[in-house]
Amino acid sequence: MGILVKTPLDSTLLTRSTHPENLLSTAKALAESFAGRAAQFDQSRSYCWENVQQMADAGLMGMTIPSKWGGQGVSFLDTVRVVEEIAKACTLSARIIVESNMGGISAIMAYGTDEQRAYCAPIVLAGDKPAICITEPDAGSAATEMQTSARRNGDHYILNGTKHWITGGGVSKLHLVFARVFDEVGSALGIGGFIVHRDPTSGIEPAGFEIGRRERTMGLCGMPETELHFKDLKVDAAMAVIPPSGLKRGFAELMDAYNSQRIGAGTIALGVAAGAFDHARRYLKQRQQFGRPLAEFQGLQWMLADMDTGLHAARLLLHDAARTAGRDGRIFPDKTAAARAKLFASETAIKVVNDALQMFGARGFGDQEPLERMYRDVRMFTIGGGTAQILRTQIAGQVLDMKTPQTRSGYDSVEIELKPSLLAAE
Ligand SMILES: Cc1cc2nc3c(=O)[nH]c(=O)nc-3n(C[C@H](O)[C@H](O)[C@H](O)COP(=O)(O)OP(=O)(O)OC[C@H]3O[C@@H](n4cnc5c(N)ncnc54)[C@H](O)[C@@H]3O)c2cc1C
């Protein structure tokens, strides 16, 4: 685990306040200082502990946590506005902001017990980016086919299984691990979430929790994506996050919290693309060919106009989706609105960054400019957190008012039997 190193930043720029404009100016000030070192984290494949400390000091980590638990109760809308600013400069830091404010921590704040909230909030506010652990080697898009099991044994659960592609594996302290839940006699109850705390720097190293292989990724290189292995891992029953409607519907409810993270992910893509767009816009005015600035060529002007329109539309969809949270008794953003927004923003962002890179010619292909890093980073966003295909299926289901089961049997895969061997470590 890295050490939190403070690097100097004009502290008068860091206004710790829930006022949306203050949050935005804080984010802009931080983004300015992050831009210079984004390449360094990419090249060294290292986690940006310096940025984390600054974001925590500025109150951006865990800002959506309600004030009762020490946060600021910032809305998802104001959060995504902050995320966009940070993502323009540093994708890695933007991902950390999203995951400390949306997703796992939101599920705990919404469905957890007071004891769980009081336990987790200070850890996040101090700078932790909780890991959300759903995906397994044989359960990607078909997440409900997960095989990780949690078997009740007295006052605790015993977890067995393997997750992979877990963002923050090895650096995150809090983990929300999704598993199939079984009672003491082995009857399946549904899918639940389990809070698992690991922090070797404070001597918290639960037995049976191993960090596995780290993926070597094309982009977002400073963020570890790892396997996690659970071998008879003991988790206190008080750390089980069971949504109000119980375990049978629990997974759907816990995944509702994920809708906020989807908006966050779409906004990171938007921010990276908006950053690339700004670089390209400035460059077109500076660079001369054929005796005049590139900005004077209509072929490039029209590209720029399409990029601008796409970014604007993506931002509207994302903000519209963020506004659905809190409406009609909903805690989290509407599922379809979040799917539409992430789908459109991620696909648009990839195109915008690609076009921005094109405008730089050879320079865009080299590492003197940030475009090649942005291009590698933004590519992920049609994959992680719900692929573009799965999001389209979800939107189509809503449009047609039809269930769209993807299994051949037509049943929801949550009914799939667990392999008996996974109830206990081998
Ligand atoms: C950088 C990164 C970070 C991630 N972080 C996390 C994390 O922190 N926690 C976590 O739990 N997971 C994480 N994931 C995993 C991510 O959620 C999965 O990659 C995603 O759900 C897709 O699963 P898969 O990769 O197994 O692809 P698969 O499900 O195997 O899909 C392969 C391809 O087939 C398509 N496909 C699959 N089913 C259908 C269908 N029914 N109809 C049409 N097309 C279909 C998919 O769209 C995809 O193009 C991360 C992934 C990445 C890349």
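Residues numbered from 1 in each chain as written. Predicted model: local features only at pLDDT ≥ 70, side-chain atom pairs only at ≥ 80, totals over all residues.

**Things to note about the overall build of the protein**
Filter applied, for reference: In DSSP terms, a helix is any run of H or I states spanning at least four residues, a strand is any run of E spanning at least two, and both are numbered starting from the N terminus. Atoms counted for the radius of gyration: C-alpha only. Globule rule: 2.2 Å times residue count to the power 0.38. Whether a residue is buried, exposed or partly exposed follows from its count of other C-beta atoms within 10 Å of its own C-beta, namely 20 or more, 12 or fewer, or something in between, respectively; the C-beta atoms are built from the backbone.
Assigned secondary structure in the protein consists of 13 helices and ten strands. Over its C-alpha trace the protein gives a radius of gyration of 22 Å, about what one expects of a compact globule, namely 22 Å for 426 residues. For the C-alpha atoms alone, the extent of the protein along its principal axes is close to 80 × 50 × 40 Å. Relative to its 426 residues, the protein shows a buried fraction of 50%.

**Points about the site of the ligand**
Note the threshold: Residues are classed as near a molecule or strand if the C-beta position derived from their backbone is within 6 Å of it. Residues were grouped as follows: Ala, Val, Leu, Ile, Met, Phe, Trp, Tyr, Cys and Pro as nonpolar; Asp, Glu, Lys and Arg as charged; and all remaining residues, including Gly, as polar. Those domain boundaries reflect an automatic or database domain assignment.
Around the ligand there are 21 residues in total, and Ile-134, Thr-135, Gly-140, Ser-141 and Thr-387 lie nearest to it. When residues of the shell around the ligand are traced back to their parent elements, those giving at least two are strand S1 (131-133), strand S3 (156-167) and helix H13 (388-400). Class assignment of the residues belonging to the shell around the ligand gives a composition of ten nonpolar, ten polar and one charged. The residue makeup of the shell around the ligand includes at least three contributed by each of domain 2 (131-241) and domain 3 (250-400).

**Description of the packing of helix H6 (residues 104-111) against helix H8 (residues 250-286)**
This is how the line gets drawn: Fitted lines through C-alpha atoms serve as axes, helices being fitted only where they are in contact, and the angles separating the N-to-C directions of these axes extend from 0 to 180 degrees. Geometric relationships in this document are graded by angle, where less than 35 degrees denotes roughly parallel, more than 145 denotes roughly antiparallel, 65 to 115 denotes roughly perpendicular, and other angles denote oblique. It is the rotation of the near helix from the far one that decides the hand of a crossing: anticlockwise by less than a right angle makes it left-handed, clockwise makes it right-handed. Residues are scored as being in contact if the C-beta atoms we place from backbone atoms lie within 7 Å.
Taken N-terminus to C-terminus, the directions of H6 and H8 make an angle of 130°; their axes are 8 Å apart at the nearest point. When the axes of H6 and H8 are compared, the pair comes out oblique. When you trace H6 past H8, the crossing you get is right-handed. Taken together, the residues of H8 that come into contact with H6 (itself represented by Ser-106, Ala-107, Ala-110 and Tyr-111) are Glu-253, Leu-254, Ala-257 and Ser-260.

**Quick look at unusual backbone geometry**
A positive phi angle is found at Trp-165, which is not glycine, with a value near 55°. Tracing the chain through its elements places Trp-165 in strand S3. The backbone of Phe-290 sits at a positive phi, close to 55°, despite the residue not being glycine. Checked against the element boundaries, Phe-290 lands in the loop between strand S9 (288-289) and strand S10 (292-293).

**Regarding the pairing of strand S4 (residues 174-182)**
Along a regular strand, successive side chains alternate from one face of the sheet to the other. Put simply, the test is: Strands are treated as partners if at least two bridges between them are detected by DSSP.
Counting buried residues in S4 gives nine out of nine residues, a clear majority hidden from the surface. Relative to S4, strand S2 (residues 149-153) runs parallel, the two being bridged by three bridges. Following the sheet pairing, Arg-151 is matched in S4 by Phe-182. Taken together, the nine bridges between S4 and strand S5 (residues 188-197) define a ladder with antiparallel strand orientation. Looking at the pairing, Leu-176 lines up with Ile-195 of S5. Counted between consecutive antiparallel strands, the loop separating S4 from S5 contains five residues, among which Gly-186 sits at a positive phi close to 90°.

**A look at the confidence of the model for the protein**
Here is the rule: Note on scores: pLDDT gives the predictor's confidence for each residue, bounded by 0 and 100.
Mean pLDDT for the protein: 92, with 92% of residues reaching 70 or above. In this model residues 1-15 is a low-confidence stretch, pLDDT under 50, and it forms 25 contacts with partners more than four residues away in sequence or in other chains.

**Focus: the domain arrangement of the protein**
The assigned domain composition of the protein is domain 1 (11-125), domain 2 (131-241) and domain 3 (250-400). On a C-alpha basis, the centres of domain 1 and domain 3 stand 20 Å from each other. Facing the 23 residues of domain 1 at the interface are 27 residues of domain 3. Of all the secondary-structure elements, those providing two or more residues to the side of domain 1 that touches domain 3 are helix H2 (38-44), helix H4 (76-89), helix H5 (91-101) and H6. With ten residues, the top contributor of residues to the side of domain 1 that touches domain 3 is H4. Residue composition of the side of domain 1 that touches domain 3, grouped by class: 15 nonpolar, three polar and five charged.

**Digging into H13**
Here is the rule we go by: Here the expected length of a helix is defined as 1.5 Å per residue gap, with one fewer gap than residues.
Given a rise of 1.5 Å per residue, 13 residues ought to cover 18 Å, and the 18 Å separating the end C-alpha atoms of H13 matches this to within 8%. Positioned one or two residues after H13, Asp-401 has a phi angle of 50°, which is positive.

**Concerning H8**
For clarity, the threshold we go by: Bend angle per residue: angle between axes fitted to the 7 residues ending at that residue and the 7 residues starting there.
In this model H8 runs 55 Å from its N-terminal to its C-terminal C-alpha over 37 residues, within 8% of the 54 Å that 1.5 Å per residue would give. Remark: the principal bend of H8, roughly 30°, maps to Ala-257. Counted residue by residue, H8 has 31 buried out of 37 residues, so it is predominantly covered.

**Topic: the pairing of S2**
As defined by bridge partners, S2 adjoins S3 across five bridges and the pair is classed as antiparallel. Opposite Asn-153, over in S3, you have His-156 as the bridge partner. Counted between consecutive antiparallel strands, the loop separating S2 from S3 contains two residues, among which Gly-154 sits at a positive phi close to 65°.

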